[in-house]
Every structure is written in structure tokens, then in C-alpha cells.
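Okay, here's what each chain looks like letter by letter:
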Amino acid sequence: MKRFFSKSINREYTCIFGFLLIMCIILISVVNMLTLEDAYMYNKRKVLLSCYDDINSATSNGDISSDAFDDSLNQIAIINNLEVLIIDADNHLLKSTDRDSTLMQRRLLEFVFGGTDDIEPIYEDQKIRIQRTVDPRVHIDYLELWGTLEGDNLILMRTPVQSMKEASVLANKIFLRLGCIAIIAGVILVSIASRRITKPIMKLVDMSEKMMKLDFSGKYESSTDNEVDTLGEHMNHLSDSLESTIRELKSANVRLQQDIEKKTEIDEMRKDFLSNVSHELKTPIALIQGYAEGLKDCVNDDAESRDFYCDVITDEADRMNRLVKSLLNLNELEFGDAGVDIEHFDLMELIRNCAESMDILIKQGGIRLELPEYTSIPVWADELKTEQVLGNYLSNAIHYAGGDRIVRITVTKKDHLVRVGVFNSGDNIPDDVLPNLWTKFYKADKARTREYGGSGIGLSIVKASMEAMGRDYGVDNLPDGVNFWFEIDATDSI
């Protein structure tokens, strides 16, 4: 109902139809009042002329005295509500449909002898005259035809006519009442019919409003096969196309944003890389340069001093070599250039070999190394990357061990996975530092001391290696130290 009284097609259709219906009723009423009487008189005149022609034809054929003519005349008189009188030239009565024909006979003689010249005829020719008169006895209007027939017989026909003005007023009253009923019924029917037409249009309006808000969930369901349904199908296709296009644009925008962020991140990484590499290489290059110049200038001539200078140069060159190799290795892992070679090997053998390779550092640091008691642990993984991860963990544990200076390697089975942990006693890692441990060149020691000669990329290699193998890794602070761990696939139960 609210939608009907608002500006809508349904209301416009109903108002237009109601207005046209009212105008038609008013027009018909006016036309009825202005033309009904003339139309009625014209029809009565046609009836009189038609009956006259029939009677004149029968008279010319000599059938006026036959019983068939009498029956035909009576039938014409009854059907058309006529009074008919026929007399001959000597005023003898030939035919009459009225029992008392005296008055009509006298009336006909008045016509013949010019007693009605003051009456304006409605129709007149050489043989007949039609005029409207009033019977003074009963005050009834009559339409009269008088004239001559074939054989010089005279005829008078008359038919009563009602007052057309009163009849037209009565007809208009009835017509207006029926018109009011027709208007009410018509408005209701048009409202129902227009609602059937406008309902799918309103669905399209609601659908278009949703589309304006970039909501493409609404779909038009066609029920017929007309132009509105065709428009609805086109709207559905348009909605799907817009949704697909906007989805693609959003995806492209997300990818562009990611590319921009990645480019920004790469730029920052490049700046950090250059800064960190220059920092890491600055000290060994300076040392190599200084000791090389000392050798050239023969600062110390004794063999022991020269050997010391050469050892320093060799150590710093070796440090730079390891740094460059680590950077190259990390670059291969991060950009996917290094493939993953999954193979079957003994984890315990790898742990023992790694511990033996760092035996000198363990002894120099006064470290108590504790190894798992297992004899053999078969696993599936990339053996080289696993060795790199374990080596980096063990190297860091040795370097940062404190307190009782304990380094412990543990192996546990977890859901068809083997978790390898490397624990070192000492202080915990601050919580704000933990998320950054896996970042290249990151060191908790902001002064970047060279006490252990670390480059800050070991844990980055761990991260890249484990992500390449698709397995988890992490670090946990324990009450008495720190435990770094990683997981690989197990083959047999431990």
C-alpha cells in the first residue's frame, strides 16, 4: 500500500486508467443528453418510412384486400407500436389497426385539407409528410406520417414518442451509477493487473539498488516470456559480468598491493643487505689490509710475528669466504634455486658426525655436550639441509651457552615426525627478540661483537631450509636455558 501511494508505475497506471474511464463516462453522458432525442426521433422516422414502403408495395401489387396483407399489417403495427389507417379517395375506410378509426380518419382529412400548415415537418416529399404532434386528449406526443399510396389511397401512421429529455436524464442517472461501479471495479482490476506488470519491474529496481552498492547476490527469476523477463535476463548477465570484473579488479589490486609491498620489502632488504654485508666485511677487510701492510713494511722481522700476521690474514679471509658461501646458500634457498633431495638416512649418525666436527669449539668453550642414547634413528629428509640446520643450532648453542655450560641434543617422536632439539643452558632470549631471530643479519647483540665471529644469517638459513622441506621449526625459552628445534619425517618408531 505504501508503494502504491508513492511515485510508482502501479499508481500511475491506475490513475491514468481511472481518469480515462471517468472522462469516457462524462463524455458518453454529455453525448447521450445532446443526441439521444435526435437519435430516437431518427430511428422512429426510419421505422415509419420502412413501414410505409412495405404497405405501399403491397398496395401497388393489389394485395391490400387479402388476408395475408391484414396479417402483415397487424404484425408491423404490433412490432413497431404503430396505429395505421388507410382510406380511398372517396373517404371509405380500407384498413385500420385501431378499432375506433373515426378520430384517425378525421385527423387524416385535416392533413389532406391543410389543417396542419403551422406544424414544422420532420420529413417531407411529394407523397408523404412526417411531423411531430401532440394528442390534446391524452397529451401524448406522436410521430405521424401521412400521404398517398399507389392507387390514390391515403394513409396515416402514427407512433407515440416519449419525452427524450426526461428519458436521457433518467438514462444518464442509471449510466452514472453503473459508471461509478465500473470505475471502482476498473480501478481495482487495473491495480491488480498493473501490479502483475510492475512486480517484476520492482524486482529489477531492487536488484539495481543492490548492484549500486556492489551487492550482486540478487538475481531476477523470469516467470513469463516478455520484454521485462528479457530485460531481467540481461540484468542477470550484467550482474554476473560486473561481479566477475570487480572480483578480477580486486584480485589484481591485491596482487598489485602485494607486489608494491614486496618491492618495498625487497628494497628495504637490499638496503639492509648492503648495510649488513658492508658491516660484516668491513672488519676482516680492514684487518687483512692492516696486517698485509705490516708485512710489506716489515714491521716485525722475526718469523713468529710474520706467522701471526699470516694467520690473521688467513683467518679473516676464511671468515669472508664462509660469509660469502652462506649468503650464496641463503640466496639459493630463498629464491627456490636449491632443490630438495629427500632421502633415507640415519639421524643419529648425522648428529654424531656434526658433534665431532665441532669438537674443538666444544673443548675450547668448556662445554658439556649431551647426546641422545639411541643407536640408530632412520628418517626421511634432505640430509644436507638437515645437517646445515643442526650445525647452525649446535654452533649457536656452543657460542651462547652460559651457567653450567651445558649443550644437549634431544630426539623425540611426535605423530610420525621426529623432533630434534638443541638446548643450551644460560639466559633466556627476550620476548621482543624472538620474532626477529630468523631475520637475516639480526643479532640480539646490538653492538655486533665479534666474540664468536657470527654473521647473523645462520638462523635465516635454518628458516629457508625448513620451509623448503615443508616442516616446522622454532625456539622455546626454558627455565634453565633456550631450546631450538626442528622436525623431519620418521620412518620407524623410536
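Data block above holds the structure.
Residues numbered from 1 in each chain as written. Predicted model: local features only at pLDDT ≥ 70, side-chain atom pairs only at ≥ 80, totals over all residues. Heavy atoms only, no water.

Novice: Can you walk me through the overall build of the chain in this structure?
Specialist: Scanning the chain for helices and strands turns up 11 helices and 13 strands. Put simply, 63% of the contacts in the chain that link residues at least 6 apart link residues at least 24 apart. Looking at the chain as shown, the accessible area adds up to about 30400 Å², and 55% of this sits on carbon and sulfur atoms. (Helix = DSSP H or I, 4+ residues; strand = E, 2+ residues; numbered from the N terminus. Contact = heavy atoms within 4.5 Å. Areas by Shrake-Rupley, 256 points an atom, 1.4 Å probe, with all protein chains shown as cover.)

Novice: Would you take a moment to explain the pattern of salt bridges for this structure?
Specialist: Here the idea is simple: oppositely charged side chains can pair when their charged atoms come close. Taken as a whole and judged by the stated rule, the model has nine salt bridges. In this structure, the salt-bridge partner of aspartate 70 is lysine 95, at a minimum N-O distance of 2.2 Å. Separated by 25 residues along the polypeptide, aspartate 70 in helix 3 (residues 67–80) and lysine 95 in strand 2 (residues 93–96) bring together distant segments of the chain. Of the residues examined, aspartate 70 reaches a relative accessible area of 23% and is grouped as partly exposed. For arginine 408, the salt bridge is made with glutamate 370, and the minimal N-O distance between the two is 2.8 Å. Of the two residues, arginine 408 is situated in strand 10 (residues 406–414) and glutamate 370 in strand 8 (residues 368–370); the sequence distance between them amounts to 38 residues. By relative accessible area, which is 28% here, arginine 408 ends up partly exposed. Note on glutamate 370: relative accessible area 28%, which makes it partly exposed. Each member of the salt-bridge network shares a partner with another, and the members are Arg368, Glu370 and Arg408. (Salt bridge = Lys/Arg side-chain N within 4 Å of Asp/Glu carboxyl O. Buried < 20%, exposed > 50% of the residue type's maximum accessible area, 1.4 Å probe, protein only.)

Novice: Can you help me understand unusual backbone geometry in this one?
Specialist: The phi angle of most residues is negative, glycine excepted, and most peptide bonds adopt the trans form. Its identity as a non-glycine residue notwithstanding, asparagine 81 has a phi of 55°, on the positive side. On the secondary structure map, asparagine 81 appears in the loop between helix 3 and strand 1 (83–87). Positioned with a positive phi, arginine 405 is a non-glycine residue whose angle comes to about 55°. Within the element layout of this structure, arginine 405 appears in the loop between helix 10 (383–400) and strand 10.

Novice: Explanation requested: helix 11 (residues 458–469) in the structure shown.
Specialist: Taking 1.5 Å as the rise per residue, helix 11 with 12 residues should run 16 Å; its terminal C-alpha atoms sit 17 Å apart, in good agreement. Counting buried residues in helix 11 gives nine out of 12 residues, a clear majority hidden from the surface. Those residues of helix 11 not exposed but buried are Gly458, Leu459, Ser460, Ile461, Val462, Ala464, Ser465, Met466 and Met469. (Expected span 1.5 Å × (residues − 1).)

Novice: For this particular structure, what's the right way to read a nonpolar patch on the surface?
Specialist: Taken together, the side chains of Ile16, Phe19, Leu20, Ile22, Met23, Ile26, Val30 and Leu34 define a hydrophobic patch exposed on the protein surface, amounting to about 760 Å² of accessible area. Its place among the elements puts isoleucine 16 in helix 2 (residues 9–60). (Patch = residues over 30% accessible without salt bridge, like charges linked within 9 Å, V, L, I, M, F, W, Y side chains within 5 Å.)

Novice: Please clarify how the packing of aromatic side chains should be interpreted in this entry.
Specialist: How two aromatic rings sit relative to each other is given by the distance of their centres and the angle of their planes. Across all of its chains, the model carries four aromatic pairs by this definition. The interplanar angle of 45° and the centroid separation of 5.4 Å between the aromatic rings of tyrosine 393 and phenylalanine 484 together place this pair among those described as tilted. Pair noted here: tyrosine 393 is in helix 10 and phenylalanine 484 is in strand 13 (residues 481–490), with a separation of 91 residues, a long-range link. With relative accessibility at 8%, the residue phenylalanine 484 sits in the buried group. (Phe/Tyr/Trp six-rings, centres within 6.5 Å; stacked < 30°, edge-to-face > 60°.)

Nothing here speaks to function; it is all geometry.
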